[in-house]
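Now for the letters of each chain:
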Amino acid sequence: MPAIHIKKEDVGELFHRELGTAAGATDPTYLTEAARHRLREKFLGAEAGITGVNFAVAETGGFVVCTNEGNSDLGTSLPKLHIASMGIEKLVPRLADLGVFLRLLARSATGQPITAYSTHYHGPRRDGELHIVLVDNGRSRLLGSDDFRSSLRCIRCAACLNTCPVYRRSGGHSYGVSIAGPIGSILNTERDPRRHESLPYACSLCGSCGDVCPVKIDLPNQLLTWRKHLVARRLTPGSKRRLMRVLGKVLRRPRLYGWAGRFARTVLRRAPRWVVYNRLNAWGRQRDLPAPPQESFREWYRRNRGA
Ligand code: SF4
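Computed from a predicted model, the values in this text were never measured in an experiment. (Residues numbered from 1 in each chain as written. Predicted model: local features only at pLDDT ≥ 70, side-chain atom pairs only at ≥ 80, totals over all residues.)

Caption draft 1: Summary view of the overall build of the protein. Of the regular secondary structure elements, the protein holds 13 helices and 7 strands. Its C-alpha atoms give the protein a radius of gyration of 25 Å, clearly above 19 Å, the size a compact globule of 307 residues would have. If one aligns the C-alpha atoms of the protein with their principal axes, the spans along those axes are about 80 × 55 × 40 Å. Taken over 307 residues, the protein has a buried fraction of 21%. The contacts in the protein between residues at least 6 apart in sequence include a share of 64% that link residues at least 24 apart. (Helix = DSSP H or I, 4+ residues; strand = E, 2+ residues; numbered from the N terminus. Rg over C-alpha atoms; globule rule 2.2 N^0.38 Å. Buried ≥ 20, exposed ≤ 12 C-beta atoms within 10 Å, placed from the backbone. Contact = placed C-beta atoms within 7 Å.)

Structure representation (structure tokens):
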């Protein structure tokens, strides 16, 4: 799944270069077998297996790791040492609660009734060792925040990513962090607001993420709140602040707004292509600017519907 966006031709080329598979091979079965063969050696030679934790149960002291590929089962059953890294918010109170969350996770993620491998751990394998690392990494801070506390409910199902029009168009790599999409824009900005100040602004505020979230995190509102925090703490770049000040003035004056729209449409229609598509404008490298319309909506409305 993490490499689902990579074409089989590119995988074939990479495997040929790195693993010595046949040149030009693109058959998925052949490539999968080559990967398995190579990875099996690594699994057999590893001295420790590291997994995450999807849920831990306070009542039993056990925890569950969910994968559809079974990779974590192989990683934890071959080496003697298992290290499980767990965010402190993963704890559910009772075993009876676990079933609810396991079903919620799989249905919201891929529509499956349950993840293919939902493995329960209650201790180390025979003659082995099990270490559970409880990770805070800003979670306590989040717990103390009235505005963003509920984002700790996230079960990482990715439903909000799959429905987000920005994520679907831009892809996970454009977020520059491991947790992408709407929830990633909240959690990463909390961890390092200076570095990720642009993420809450990528949102179109369409509200789709909040509708699909199975644990009812109010994602659009939190993204909006982040914008307020960023402005109040002066973490947005000066150029953006100045632009917003000018836009605020224009948007408050309907006549000026109408004139600015006409001016921008005329300039864009007449400007040579290099104004948008040049080396200095990263936006234009992979996009086409739609042709500006002849008239604004308000002009159209006046012409068709009267004053
Ligand atoms: S925020 Fe909600 S929808 Fe998004 S990954 Fe977390 S639980 Fe799933």
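Moving on from the coordinates now.
Caption draft 2: Highlighting the site of the ligand. Within the structure, the ligand sits among 15 residues, and Cys 154, Cys 157, Cys 160, Ile 183 and Cys 213 are positioned closest to it. For the shell around the ligand, the residue count by class is 13 nonpolar, 1 polar and 1 charged. (Near = placed C-beta within 6 Å. Nonpolar A, V, L, I, M, F, W, Y, C, P; charged D, E, K, R; others polar.)

Caption draft 3: Examining the pairing of strand β1 (residues 48–51) more closely. A one-sided burial pattern is seen for β1, the buried positions being Gly 49 and Thr 51 and the unburied ones Ala 48 and Ile 50. Pairing of β1 with strand β4 (residues 81–87), which is carried by 4 bridges, proceeds in the parallel orientation. Opposite Gly 49, over in β4, you have His 82 as the bridge partner. (Pairing = 2+ DSSP bridges.)

Caption draft 4: Looking closely at unusual backbone geometry. Positive phi, close to 75°, is recorded for Ala 158, a residue that is not glycine. Summarising the element assignment, Ala 158 is placed in the loop between α5 (139–143) and α6 (159–163). Non-glycine residue Lys 216 carries a positive phi angle of around 55°. For Lys 216, the location among the structural elements is in the loop between α9 (208–212) and α10 (219–232). Using a count of 10 C-beta atoms within 10 Å as the deciding quantity, one classes Lys 216 as exposed.

Caption draft 5: Summary view of the domain arrangement of the protein. Its domain assignment divides the protein into domain 1 (8–139), domain 2 (146–236) and domain 3 (239–305). Taking the mean C-alpha position of each, domain 1 and domain 2 sit 25 Å from one another. Of the residues lining the interface, 8 residues belong to domain 1; the matching set on domain 2 comes to 8 residues. The greatest single-element share of the side of domain 1 that touches domain 2, amounting to 5 residues, is contributed by helix α4 (residues 95–109). (Domains from an automatic or database assignment.)

Caption draft 6: Geometry of the nonpolar core. Grouped together as the largest cluster of nonpolar side chains are 41 residues, with contacts concentrated most on Phe 55, Cys 160 and Leu 219. Sorting the residues of this core by element identifies β2 (55–57), β3 (63–67), α4, α6, α8 (181–191) and α10 as the ones contributing at least two each. In terms of residue count, the dominant contributor to this core is α4 (5 residues). Shared between two domains, this core holds at least three residues of each, these being domain 1 (8–139) and domain 2 (146–236). Setting aside anything within four residues of it in sequence, one finds Cys 160 in contact with Gly 181, Pro 182, Ile 183, Cys 209, Val 212, Cys 213 and Leu 219. (Core = buried A, V, L, I, M, F, W, Y, C linked by C-beta atoms within 7 Å.)

Caption draft 7: Region of the structure containing the sheet that holds β4. An order of β1-β4-β7 is seen for the 3 strands of this open sheet, with the pairing classed as parallel. Two strands lie at the open edges of the sheet, namely β1 and β7 (129–135), each paired on one side alone. For this sheet the average axis-to-axis angle between neighbouring strands, irrespective of direction, equals 20°. (Axes fitted to C-alpha atoms, helices over the stretch in contact; angles between N-to-C directions.)

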